[in-house]
Every structure is written in structure tokens, then in C-alpha cells.
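Fold and contact review
Spelled out, the chains give:
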Amino acid sequence: MHDVIIIGAGPAGLSTAFWCDELGLDTLLLEQAEQVGGQLHRVYNPIENYLGVKVSNGHELLERFTHDLDAAEFDLWTQTGITAVDLKARRVSLRSGENLQSIAIVIATGVRPRELGIPGEKEFAGKGMIESGTRDRQLFAGRDVCVVGGGDAAVENALLLAEVCPTVTLVHRGKKLRARRELAERLQPNNCVTVFTESVVTRILGDEEVAAVEIQRKEGLKPFQLAVRGVLIRIGVEPNSELFREQIDTDEKGFIAVNSQQETSVPMVFAVGDVSNPVAPTISSATGAGATAAKVIAARLNARLGS
Ligand SMILES: Cc1cc2nc3c(=O)[nH]c(=O)nc-3n(C[C@H](O)[C@H](O)[C@H](O)COP(=O)(O)OP(=O)(O)OC[C@H]3O[C@@H](n4cnc5c(N)ncnc54)[C@H](O)[C@@H]3O)c2cc1C
């Protein structure tokens, strides 16, 4: 029996574990991946908006996190597959057959990139699918590319690729781009970026590598093929909450509902970080939410001991 089991070791889970340890709680942190860090592994851009810290990418920030966690005494189990969770009983069943129990559970499972779910998307992973404009820009220099999406991340990546690619075609489902105005305005004078709104990519085509995308412009019009050698998809994120959805209140997209103390609809079950749909899904929000959850849990446990 642990005081706290935390599920997910991104910035939110790591911060929760750090704070629980500081507060003297017996804590177990479970991570399904080989390494802790979550989305930090996908941040190739400099991080300059986490107050007091300037680092050139997510790995560097993660190194600082883990350095500071070296002295902490919580248990960390990586590569841990969870098969079932009973939130009311606060019981976690592992693929190894083990059953764990705690007084509080903190869900810190974050989000994953949303997929288009079209033919070619998975098949061409590593063969023309661009993971990051920052990281892969030089690899795709001189090639025509397509970016799917209309938010900040899609437009930022289109602008980055436009610095080195002859043409960038930005394909967006909606009538208007969702990106903030100053970013969208930078697209206007950029001759190598073409924006297709009210359009969808329906297939990614090629032999060994990406060679073209099929684009459907407006309902009813015939799809056409556009020759490109790289495709980057940025159409938002989905919460990693499938394991809990039947037992807990979520919004219509599956983000876990929490109050200002990070409490969910189930007593002594908390959710922190991107999975709880913060107004600003950032490292600061994630680490701050972890501190809040840990403080609330410690106060509840102290109250129990005192009563
Ligand atoms: C390209 C990119 C650039 C970014 N740039 C910035 C920036 O400059 N500044 C900033 O503040 N933020 C930035 N962010 C956002 C920031 O990385 C996230 O807000 C932050 O990582 C959220 O932390 P989290 O712990 O909530 O979730 P995540 O980082 O998503 O971590 C969740 C963890 O839970 C694990 N997990 C999921 N399901 C399970 C399960 N069933 N069992 C066990 N473990 C599980 C995952 O493997 C993962 O390790 C960026 C994100 C991206 C993708």
C-alpha cells in the first residue's frame, strides 16, 4: 500500500512525485515508456518560456529535472504496462500480474498527437513523414512538402520549412486558419507557401517514400494529387485517458475534468497536466498542477491521521 500512485512521468507526473517526496509521502511513479519525460522528448525548439530557465530543447530541460530528482526517494518504475485501474478502490493492475493499491491516485498521462487516420500515414513513418520542422528542416531542404493543420503549430512548422523548401502547401479543414494573427500574417507575403482552406488530405501516396498527397478541396469536388516529398501533420492532440474514461468525468474529447485543487469526480483521484485540459497546456501549468495535487493529498492524509 502506497500513499500515492502517480501514472505518467512527464513534467506533471515528475513534479507531482517531487512534491509528494518533499512532503514525506510514500510515492510510486509509473511510466509506460522506457524513459521519463513525456512530450519533452519531442521538443526540439528552445524552451524560453519556463521562468528562470533557458534551454535549447526538451532533452536539456529533462536533464535538469532528473538531476534535481536524483536525491528524491520516490519509487519510479518505467516500462510499466497498466492493464486496468479501479479508481474507486484506487487499485492498479499491471501487465506483470501485480496489483498495487494506494490512498491517492494522480493521473498524469498527458496527450498524444492526433492522427489523420488516412492510408499512408503510418506506412510512411520515417519515409517522408516529418516529425518536427525544427529537427527535420535540413533533411527536407530543397523538397516540396505539405503541412496539414491550421493552428499555431501547423503554421509555425510551415514557416520553418518555407525557409528551406521550394514549396510548402498548408492544408486546413476549416474556413479560416486558427493560428494566432501574427503567425498567420507572416504567411501572406510568403510566396512559397500556398494555403488550401476547407480542404483535407485523404491519402499519402508513394512507393518506398512519400511521393504525393491526395487533396480533396471542398465537398463534392474531385480529389487531386499533389507531388510532395514530405508531409507534416499538426492537427492537435488527444488525451491519454482511455484507461479511466468509464469511471471518471471527462469532457466530450476525453480530457479529465478537475476542480481548482486538481480533484477529479472520484474521491482521492487527481489529474494533472495536459490530460486535464489546462487553459495553457505548458510545462509551467503541468509542474504547478503537480505541486497543487501533492499539497492537497498531503493535507488530506494529515487530516485523516489527526482524526
Ligand atoms: C513540439 C512541442 C513543443 C513544445 N514547446 C513547449 C514550450 O516551449 N514551452 C512549454 O511550456 N511547453 C511546451 N510544450 C508543451 C509541454 O511539453 C507539455 O505541456 C507538457 O509536456 C505536459 O506535461 P504532462 O506531464 O502533462 O504530459 P506529457 O508530457 O504528455 O507526459 C505524459 C506521460 O505519461 C505517460 N503515460 C501515458 N499513458 C500512460 C499509461 N497508461 N501508463 C503509464 N504512463 C503513461 C507518457 O508516456 C508520458 O511520459 C511543447 C510540446 C510539444 C509537443
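All figures in this text were calculated on a predicted structure; none of them were measured in a lab. (Residues numbered from 1 in each chain as written. Predicted model: local features only at pLDDT ≥ 70, side-chain atom pairs only at ≥ 80, totals over all residues. Heavy atoms only, no water.)

1. Things to note about the site of the ligand
Basically, it comes down to this: Throughout this document, a residue counts as near a molecule or strand when at least one of its heavy atoms sits within 4 Å of that molecule or strand. Pairs of N or O atoms are called polar contacts if they sit within 3.5 Å, as long as, within protein, a hydrogen donor faces a hydrogen acceptor (for residues adjacent in sequence, only side-chain-to-side-chain pairs). Residue-level accessible areas treat just the shown protein chains as cover; the underlying method is Shrake-Rupley with a 1.4 Å probe. Counting from the N terminus, the helices are the DSSP runs of H or I reaching at least four residues and the strands are the DSSP runs of E reaching at least two. By the convention adopted, Pro, Cys, Tyr, Trp, Phe, Met, Ile, Leu, Val and Ala count as nonpolar, Lys, Arg, Asp and Glu as charged, and the other residues, Gly among them, as polar.
If you check the shell around the ligand, you find 28 residues, and the closest are Glu31, Gln39, Asn49, Asp274 and Ile283. In the model, a nitrogen atom of the ligand is placed 3.2 Å from a nitrogen or oxygen of the Gln32 main chain. Gln39 places a polar main-chain atom, nitrogen or oxygen, 2.9 Å from an oxygen atom of the ligand. Alone, the ligand offers 1000 Å² of accessible surface; in the complex the protein occludes 86% of this. Within the residue set of the shell around the ligand, elements represented by two or more residues are helix H1 (11–22) and helix H6 (283–306). Split by residue class, the shell around the ligand holds 13 nonpolar, 12 polar and 3 charged.

2. Considering the packing of aromatic side chains
In plain terms, the rule: In this scheme Phe, Tyr and Trp rings, the latter by its six-membered ring, pair at centre separations within 6.5 Å, and the angle between planes marks the pair as stacked below 30 degrees, edge-to-face above 60, and tilted otherwise. The buried label applies to any residue whose accessible area, calculated with a 1.4 Å probe on protein chains only, is under 20% of its type's maximum; exposed applies above 50%, and partly exposed to all values in between. Definition used: whenever NZ (Lys) or CZ (Arg) falls within 6 Å of the ring centre and also within 35 degrees of the ring normal, the charge is taken to sit over that ring.
In this structure the tally under the stated criterion is 3 aromatic pairs. Each ring, one from Phe196 and one from Phe224, has its centre 6.0 Å from the other, and the planes form 75 degrees; the classification is edge-to-face. In this pair, Phe196 sits in strand S13 (residues 193–196) while Phe224 sits in strand S16 (residues 224–227), placing the two residues 28 residues apart along the sequence. Phe196 sits in the buried class, given a relative accessible area of 14%. Residue Phe224 is classed as partly exposed on the basis of its relative accessible area, which comes to 29%. Directly above the aromatic system of Phe140 lies the positively charged group of Arg143, at a separation of 5.2 Å from the ring centroid.

Geometric descriptors of this kind do not, in isolation, establish any biological role.
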